[in-house]
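Remarks on the overall topology
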Amino acid sequence: LEYFYSLLNTEKDRYSYVKDNYTEIADYWNGQMESYGFRYKRLSDESGYKMAVSLVLKGSPAEEAGLSRGDVITRIDGDVPDPDNTGTLLERKSAVFTVTTPEDSVKTLTMSKRKFQLDPLHLYTIVEWQGKKVGYLVYTQFLFNYEEETRRIFQYFKENKIDEMVMDLRFNPGGVTPNAEVIASLLAP
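This section reports on the structure supplied with the text. (Residues numbered from 1 in each chain as written. Predicted model: local features only at pLDDT ≥ 70, side-chain atom pairs only at ≥ 80, totals over all residues. Heavy atoms only, no water.)

A word on helix α6 (residues 177-187)
Of all the positions in α6, only N179, V182 and I183 are classed as buried. All buried residues of α6 lie within an arc of 95 degrees about the axis, which places them on one face of the element. Relative to its buried face, α6 has exposed residues pointing more than 90 degrees away, namely T177 and E181. Buried residues belonging to α6 abut β9 (132-139), α5 (147-159) and β10 (164-168). (Buried < 20%, exposed > 50% of the residue type's maximum accessible area, 1.4 Å probe, protein only. Helix = DSSP H or I, 4+ residues; strand = E, 2+ residues; numbered from the N terminus. Arc of directions from axis to C-beta. Contact = heavy atoms within 4.5 Å.)

Structure representation (structure tokens):
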């Protein structure tokens, strides 16, 4: 056991970790997560550190509370987030978030973490651009059990005779390889 723990290298590899409860890991790879359901970017400017919301997951507590992409979280339970305390603040099971919208209005949102099913097929559409039809798909994580829906979306793109494809994986931390293989096989033809 001591030797196993000596192999962990969390500083250089985010996948180098151990959990006491294996179901937490299985749930994560199946898209069952307990969280607020948003992702953010750490930004710094002349006014200091900022938490800019980059993604709000469908069906999440964050979506239900009204958090939106582009919102800036300025306080969590009255505390101002900074590089040292953000992780600790987000560990709370519930919190009151003070948010500034892109239109500079301020809103207060109360959220509680809960387990929800992540839908990795976050958004798909066809964009007309420079005389071409461009299929656009935001895929937030490679999970099991989404092959049928993925194939349906690619069939939609095929039926609409898209010219190009944008596969947006900016928010995708990875996942199970069979799903990535399906996507690669659908993109190639």
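Thoughts on the packing of α5 against α6
For the pair α5 and α6, the least separation of the axes is 10 Å and the interaxial angle reads 15 degrees. In terms of axis orientation, α5 runs roughly parallel to α6. The two elements α5 and α6 meet at a crossing, and its hand is right-handed. In this structure, α5 contributes E147, T150, R151 and F154 to the contact, and α6 contributes N179, V182, I183, L186 and L187. (Axes fitted to C-alpha atoms, helices over the stretch in contact; angles between N-to-C directions. Parallel < 35°, antiparallel > 145°, perpendicular 65-115°, else oblique. Left-handed = near helix turned anticlockwise from the far one by under 90°.)

Topic: the sheet that holds β10
Pairing is mixed across the open sheet formed by three strands, whose spatial order is β8-β9-β10. The sheet terminates laterally at β8 (121-129) and β10, the two strands that pair on one side only. Averaged over all neighbouring strand pairs, the angle between strand axes comes to 15 degrees, with direction disregarded. Where β8 lies against β9, eight bridges are found, and the strand directions are antiparallel. Paired with L123 across the two strands is V138, which belongs to β9. Against the sheet, α5 makes contact with β8, β9 and β10, and its axis sits at roughly 10 degrees relative to β8, the strand it touches most. (Pairing = 2+ DSSP bridges.)

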